[in-house]
Amino acid sequence: MLHKKVDENLDIDRVFDSPAEDFDVFIRIAREEDIAVARQMAKQLAQEAGFSLADVTKIATAVSELARNIYRYAKQGRIMIKKLLDDREGPYLEIIASDNGPGIAEIDLVMTRGYTTYERSLGIGLSGVKRLMDTFAIYSEVGRGTVVITGKRRRKF
Amino acid sequence: MNSNGAVNRVEEMVQELAADSRLQGLWRNFLTAALADNKEKKQVEQLKDSLSLLFEEIGEQAFTAGLRAMAAKNPSLPVTDLLCTVIQVCGEIRRENEQTINNLRQMLPELATPIIRIWTDMLLVALIGNLDSHWAQNIAERLLDRVSAARAKVVLVDVTGVPMIDTAVGGFLIEMFSAIRFLGTDVILTGIKPEVAHTLVKLGVDFRMVTIARDLEDALRKGIAIVTGEKKKRRQLAWVMTGDKESESGEEIDI
């Protein structure tokens, strides 16, 4: 679990311009309806990958939170989901939320429960996503945008 | 006139494009309008009409295939002009669809969330589907109005039909519950599915401000208990005020 302010290896603009064909789900977020679409697509993909109902719901909720953050703060962005297959470990769903919005100055503060800059919000979205998923990384630069990369592995039964 | 030759060949092209006489008619109308020389407003309208009819009938794939075949055989066909018109027509169709979707969306909350008076002083609202902010606002307003008008003591909120509760939906529910409690009305929440419960705990959404019931039956029982409890209290108060355990007529006193 890491969250870094700026990572030298990650180019925010390059992630934002990732080609759609690299992903199983690629959705542009620009309107409120897009949040529901992203959530629905994520749910479907997770179901097809054989995740349990609880995990499907967690993944759908995480996507919903990320998409809503994009819509609220950056106005526009992308949600990209990739299914990675590993014979030994089983399928792994990677979700990338990317925007060219205002960026986050105080990442540690944003990751704190109850902190929000939005009036009608509980301020538990991002930290909630971290708790819902297995891996979580956030990269942000003020004026350039934000990238959240998070993933969940299918548990063995 | 360059396109005159093409006009003469309309019939020939129509035969090539479709076998069905109805489709032939549609293509004929479209081609005649497309090849007309004077592009006045009326003509353009005619072209648009015939085009949208054709679209509806055969779909864009068959249409593009037809157009491609025609353009290959008839270089005189004003493809650029046609394309512009096609794009305009598509835009209009899209706008119309968006309008329809918007209208439907506005209708949806009314249709999907009836507020039912299920018992004396008790209302039931069953929330269904994914709640977006407009919808949520609409439900909250209607429910508050209804609670206030009906002077309900208890509101049962059933979320069995809500597949997922994220922080936005959770926040909306908390706001709505708080507002209802400000009216002096108790809220009983029911229908949280196990997977949703797990997600809520992970997210840290807290519904502790309201009573939570296992299922609708339990919710109804709890609600009735509250309503009866309140009635009992009123009777006791009436007894204290009149100083008489039973009225002369034998009826229960209530205030």
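What counts, and at which threshold
Positions within a chain are numbered from 1, following the residues in the order the chain's sequence is written. Each chain takes a letter, starting from A, and each ligand takes a number, starting from 1, following the order in which they are written. Local features in a predicted model are, by the rule used here, given only for residues with pLDDT of at least 70; side-chain atom pairs are given and counted only at 80 or more, and totals for whole chains, interfaces and linings are based on all residues. Heavy atoms from the whole structure form the basis of all side-chain values; hydrogens and water molecules are not counted. Secondary structure elements follow DSSP: runs of H or I no shorter than four residues count as helices, runs of E no shorter than two count as strands, and numbering proceeds from the N terminus. Think of it in three bands: residues with accessible area under 20% of the maximum for their type are buried, residues over 50% are exposed, and the middle band is partly exposed, with areas taken using a 1.4 Å probe on protein chains only. Whether two residues are in contact is decided by their heavy atoms, any of which lying within 4.5 Å being enough. Reported accessibility uses the Shrake-Rupley method at a 1.4 Å probe radius. Residues are deemed covered only where the shown protein chains occlude them. Each salt bridge in this description consists of a side-chain nitrogen of Lys or Arg and a carboxyl oxygen of Asp or Glu lying within 4 Å of one another. A quick way to say it: buried area is the sum, across both parts, of accessible area lost when two parts are put together, with a 1.4 Å probe. Angles here are taken between N-to-C directions and fall from 0 to 180 degrees, while the axes themselves are lines fitted to C-alpha atoms, restricted in helices to the stretch in contact. Here roughly perpendicular refers to angles of 65 to 115 degrees, roughly parallel to angles under 35, roughly antiparallel to angles over 145, and oblique to all remaining angles. Each crossing gets its hand from how the near helix is turned against the far one by less than a right angle, where anticlockwise is left-handed and clockwise is right-handed. Three categories are distinguished: nonpolar for Ala, Val, Leu, Ile, Met, Phe, Trp, Tyr, Cys and Pro, charged for Asp, Glu, Lys and Arg, and polar for the others, with Gly belonging to the last. To estimate the expected span of a helix, count its residues, drop one, and scale the result by 1.5 Å. Think of it as the arc spanned by the lines of direction from the helix axis to the C-beta atoms. Domain delimitation follows an automatic or database domain assignment.

Participant: Requested: an account of the overall build of chain B, with residues and values cited.
Facilitator: Counting its secondary structure elements, chain B contains nine helices and five strands. If you list the helices and strands of chain B from N to C, you get α-α-α-α-α-β-β-α-β-α-β-α-β-α. Split into buried and exposed, the 255 residues of chain B put 37% on the buried side. For chain B, the proportion of contacts with a sequence separation of at least 24, taken over those separated by at least 6, is 67%. Surface accessibility of chain B: about 14900 Å² in total, with carbon and sulfur atoms responsible for 54%.

Participant: For the overall build of chain A, give the residues involved together with the corresponding values.
Facilitator: In terms of regular secondary structure, chain A is built from five helices and five strands. The secondary structure elements of chain A, listed N-terminal to C-terminal, are α-β-α-α-β-β-α-α-β-β. Burial analysis of chain A (157 residues in total) assigns 53% to the buried set. A separation of at least 24 residues holds for 66% of the contacts in chain A among residues at least 6 apart in sequence. Summed over all atoms, the accessible surface of chain A reaches about 7800 Å², with 47% contributed by carbon and sulfur.

Participant: Which residues make up the pattern of salt bridges, and what values do they have?
Facilitator: Applying the stated criterion across every chain yields a total of 15 salt bridges over all chains. The partner of E141 of chain A in a salt bridge is R144 of chain A, with the nearest N and O atoms 3.2 Å apart. On the basis of relative accessible area, R144 of chain A is assigned to the partly exposed category, the value being 29%. Where R214 of chain B meets D218 of chain B, a salt bridge forms, and the shortest distance between an N and an O atom there is 3.8 Å. What makes D218 of chain B buried here is its relative accessible area of 7%. Bridged by salt links that share partners, the residues D11, D13, E141 and R144 of chain A form one connected network.

Participant: Tell me what's going on with the interface of chain B and chain A, and back it up with residues and numbers.
Facilitator: Counting from both sides, the interface comprises 24 residues of chain B and, opposite them, 24 residues of chain A. The contact between chain B and chain A buries some 2000 Å² in all, and 52% of this surface belongs to carbon and sulfur atoms. Looking only at chain B, the three residues that lose the most surface to chain A are M164, K202 and L203 of chain B, adding up to 26% of its buried area. Here chain B is connected to chain A by one salt bridge.

Participant: Go over the packing of helix α3 (residues 53-74) of chain A against helix α5 (residues 125-132) of chain A, please, and point to the residues and values.
Facilitator: Residues and elements named next belong to chain A. Look at α3 against α5: their axes get within 9 Å of each other, and the N-to-C directions meet at 150 degrees. Judged by the angle between their axes, α3 and α5 are roughly antiparallel. Viewed along their axes, α3 and α5 form a crossing whose handedness is left-handed. Of the residues in α5, those in contact with K58, T61, A62, E65, L66 and N69 of α3 are G125, L126, V129 and L132. Partitioned by chemical class, the residues of the contact of α3 with α5 number five nonpolar, three polar and two charged.

Participant: Mind laying out helix α6 (residues 133-150) of chain B, listing which residues take part and the relevant values?
Facilitator: All names here are of chain B. Relative to the 26 Å expected for 18 residues at 1.5 Å per residue, α6 spans 25 Å between its end C-alpha atoms, a close match to the ideal helical length. Of the residues making up α6, those classed as buried are W135, A136, I139, A140, L143 and V147. Along α6, the residues classed as buried sweep out an arc of 130 degrees about the axis, all on the same side. For α6, the exposed residues set more than 90 degrees away from the buried face come down to H134, D145 and A149. Looking one or two residues beyond α6, the residue adopting positive phi is R151, at roughly 50 degrees.

Participant: Could you give an account of the domain arrangement of chain B, with specific residues and numbers?
Facilitator: Considered domain by domain, chain B is made up of domain 1 (4-106) and domain 2 (113-242). One C-alpha centre belongs to domain 1 of chain B, the other to domain 2 of chain B, and the line joining them spans 55 Å.

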